[in-house]
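Residue strings, one per chain:
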Amino acid sequence: MREKVGRAISIAGHPFILTPLAVTIATSTQAAQARALILGLVAAAMIAVAFHVVRRHRRGEVSDIDVSTREQRSGVFRVAIGSLVATIAILLATGASPAALRGATVATALFAACALVNRRLKASLHAAFAMLAAGIVWPVSHAGGVAFALAACVIGWGRVAYRRHTTSEVLAGLALGAIAAVALVMWLADLTR
């Protein structure tokens, strides 16, 4: 039963669900065209990662769709970082908002940090990106930011219950995500000064 609940939480709290939700909330006051560009780029980056993972899973190169084995994650990091660098380039070329550029940069840095940590420990990307989502939402809704941070902790529990991560892996993901979230909030606050 605990594992089933953990699985349900892991699915509901997947970065492919929480990240677009957080970005949708954060861009709610932007013009429709700017918002569509940002959400489209988020979707494109996620599709690139999903395509890579599904292809590798079908070939038997990764043990499961979550890429739960630490040694199998390097390709995911390369594709994620590459797609985010492309996102940053497109945002720059289109004159997108500085907030969008900063968000994409912090997300890229978070993936890079998780890739470095992955040499020794498989930090939970679910927990890390759920915590980053709290930082994405915070500037437009403090209550929403707190809700995302609490959700990140519940998602972390779910990852342990689902047996995809150990407690130390979840704590590492939460810590990396919290650092990224705080950095993003501080960097975004600089835009309003």
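Before reading on, note that the structure itself is shown above.
### Focus on helix H3 (residues 32–58)
Right, on to step 1. Compared with the 39 Å implied by 1.5 Å per residue over 27 residues, the 38 Å span of H3 between its first and last C-alpha is a close match.
Right, on to step 2. Listed in full, the buried residues belonging to H3 are Ile-38, Leu-41, Val-42, Ala-45, Met-46, Val-49, His-52, Val-53 and Arg-56.
Right, on to step 3. In this structure, the buried side of H3 is in contact with helix H2 (15–26), helix H4 (74–94) and helix H5 (98–117).
Right, on to step 4. Trailing H3 by a residue or two, Gly-60 shows a phi angle of about 80 degrees, which is positive.

### So, the environment of Arg-78
Right, on to step 1. With respect to the helices and strands, the residue Arg-78 is situated in helix H4.
Right, on to step 2. The exposure class assigned to Arg-78 is exposed, which follows from its relative accessible area of 58%.
Right, on to step 3. With 34 residues separating them in the primary sequence, Arg-78 and Ala-112 have C-alpha atoms 8.9 Å apart.

### Focus: the environment of Leu-37
Right, on to step 1. Looking at the element boundaries, Leu-37 is found in helix H3.
Right, on to step 2. Leu-37 sits in the partly exposed class, given a relative accessible area of 28%.
Right, on to step 3. For the pair formed by Leu-37 and Asn-118, sequence separation is 81 residues and the distance between their alpha carbons is 31 Å.
Right, on to step 4. When residues no more than four places from it in sequence are discounted, the contact partners of Leu-37 are Ile-90, Leu-91, Thr-94 and Ala-96.

What counts and what doesn't
Residues numbered from 1 in each chain as written. Predicted model: local features only at pLDDT ≥ 70, side-chain atom pairs only at ≥ 80, totals over all residues. Heavy atoms only, no water. Helix = DSSP H or I, 4+ residues; strand = E, 2+ residues; numbered from the N terminus. Expected span 1.5 Å × (residues − 1). Buried < 20%, exposed > 50% of the residue type's maximum accessible area, 1.4 Å probe, protein only. Contact = heavy atoms within 4.5 Å.

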